[in-house]
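An overview of the molecular structure
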Amino acid sequence: MNGELVVVDDLAGEFAERIIEAFRHRSNDEFSLALSGGQTARRCYERLAAESASRIDWWLVEVYWGDERCVPPEDADSNERLGREALLERVGAAGSIHPMRCDDGPDPYQMRIGELGRLDVVHLGLGADGHTASLFPGSPGLDADPGRLVVMNEDPSGSNRHPRMTLTLSGIARARLVLFTVAGVEKRAAMQRIVDGEDLPAARVHADRVVWLVDREAAPLAQAANTMVGGTGPA
Ligand code: 6PG
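Residues numbered from 1 in each chain as written. Predicted model: local features only at pLDDT ≥ 70, side-chain atom pairs only at ≥ 80, totals over all residues. Heavy atoms only, no water.

**Examining the pattern of salt bridges**
Cut-off, in case you're wondering: Salt bridge criterion: a side-chain nitrogen from Lys or Arg within 4 Å of a carboxyl oxygen from Asp or Glu. The secondary structure listing takes helices from DSSP runs of H or I that are at least 4 residues long and strands from runs of E that are at least 2 residues long, numbered from the N terminus. Using a 1.4 Å probe on the protein chains alone, a residue whose accessible area is under 20% of its type maximum counts as buried, one over 50% counts as exposed, and one in between counts as partly exposed.
Throughout the structure, instances matching the rule amount to 20 salt bridges. A salt bridge links Glu4 to Arg209; the nearest nitrogen and oxygen atoms lie 2.6 Å apart. Of this pair, Glu4 sits in strand E1 (residues 4-8) while Arg209 sits in the loop between helix H6 (188-195) and strand E10 (210-215), and the two are 205 residues apart along the sequence. On the basis of relative accessibility, which here comes to 34%, the residue Glu4 falls in the partly exposed class. Taking the shortest distance from any N to any O, the salt bridge between Arg55 and Glu17 comes out at 2.7 Å.

Here is the structure:
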């Protein structure tokens, strides 16, 4: 697998600390963060909001999304709504907020990411089918031209609802740091397949640095014993 696998007891807490650390060591005054969707992300953002009040100057943070469902921003399935509820409304404000707008098509977002150049952090989740962002197994977005940073995409299996907008693997590769967060026994099989080298969408993610934060339940058994951080195992 590509990246560092870190098994943690307190996934949300470890995520928050690593975002705070990335902010403190940012390359420029501004700090660009691309948010994920999903319930693991929701828990991570609520904790980040709680831990970062005096440790991140949110006025210096440019907030992007790694993917979005093509629903209204107030829809319960909207990743923008999730990011606003779990993070942005709790920290008070951000320097700039860049939601994805399906109605505009992918090109304006592609232009924005292209102008930005690099993303300091892209936060990604993992689906039980091995998808990440909205790059699903067998979906055309997985094989987008290398010059495409943002595409529209869908899950051909129908398991993941709504048409989507998503960063491509090239778009994700603009990250200085990709931080995966994976929690729950229902993700263990996908993690094992990735560790075993299966060509799942999430396994294709490359960036300057890729870190997988995985809780005990999702960790493949061999890794769970050997790379515990913040728990009782060896550091
Ligand atoms: C989305 C997410 C998606 C998510 C994973 C994990 O828009 O659905 O970006 O990639 O991160 O499906 O979601 P859970 O944490 O809810 O399992």
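**Things to note about the site of the ligand**
Which entries qualify depends on this criterion: What makes a residue near a molecule or strand is one non-hydrogen atom of that residue sitting within 4 Å of it. Between N or O atoms, a polar contact is any pair within 3.5 Å; within protein, one atom must be a potential hydrogen donor and the other a potential acceptor, and residues adjacent in sequence are included only when both atoms are from side chains. Only the protein chains shown count as covering a residue, and every accessible area follows the Shrake-Rupley method with a 1.4 Å probe. Residues are grouped as follows: nonpolar covers Ala, Val, Leu, Ile, Met, Phe, Trp, Tyr, Cys and Pro; charged covers Asp, Glu, Lys and Arg; every other residue, Gly included, is treated as polar.
Neighbouring residues of the ligand: 15 residues in total, closest Gln39, Thr40, Arg69, Ala133 and Lys187. Contact distances for the ligand include 2.9 Å between an oxygen atom and a side-chain N or O atom of Asn79. Measuring from an oxygen atom of the ligand, one finds a side-chain N or O atom of Lys187 at 2.6 Å. In isolation the ligand exposes 420 Å². Once the protein is present, 87% of that is buried. At the level of elements, helix H2 (39-52) and strand E4 (67-69) are the ones that each hand at least two residues to the shell around the ligand. For the shell around the ligand, a count of residues per class yields two nonpolar, nine polar and four charged.

**What about the pairing of strand E9 (residues 175-182)?**
Note the threshold: In this analysis, strands are considered paired if DSSP registers two or more bridges between them. Look down the strands so they point away from you; if going from the first strand over the helix to the second traces a clockwise path, that crossover is right-handed.
Within E9, seven of the eight residues are buried, which leaves the element mostly enclosed by the surrounding structure. Relative to E9, strand E6 (residues 119-124) runs parallel, the two being bridged by five bridges. The partner of His123 across the bridge, within E9, is Leu179. Sheet topology places E9 next to E10; five bridges connect them, and they run parallel. Within E10, the position partnered with Val182 by the bridge is Val214. Each parallel crossover has a hand, and for E9 linked through H6 to E10 it is right-handed.

**Some details on helix H4 (residues 107-116)**
To keep things clear, this is the line we draw: What the arc describes is the spread of directions from the helix axis to the C-beta atoms. Residues count as neighbours in contact if any of their non-hydrogen atoms are within 4.5 Å of one another.
Tyr109, Gln110 and Ile113 are the residues of H4 that are buried. The buried residues of H4 all sit within an arc of 105 degrees when viewed along its axis, so they share a single face. Facing away from the buried surface of H4 by more than 90 degrees, the exposed residues are Met111 and Glu115. Buried-residue contacts for H4 involve strand E3 (61-65), E6, strand E7 (150-153) and strand E8 (164-167). Two residues or fewer past H4, Gly117 is found with a positive phi of approximately 90 degrees.

**Concerning the sheet that holds E4**
We count it as follows: Under this scheme, a helix contributes an axis fitted over its contacting stretch, all axes are lines through C-alpha atoms, and angles between N-to-C directions fall in the 0 to 180 degree range.
The three strands lie next to each other as E4-E8-E7, forming an open sheet whose pairing is antiparallel. Among the strands making up the open sheet, the edge pair consists of E4 and E7. Each strand of the sheet is rotated relative to its neighbour by a mean of 20 degrees, with strand direction disregarded. Sheet topology places E7 next to E8; four bridges connect them, and they run antiparallel.

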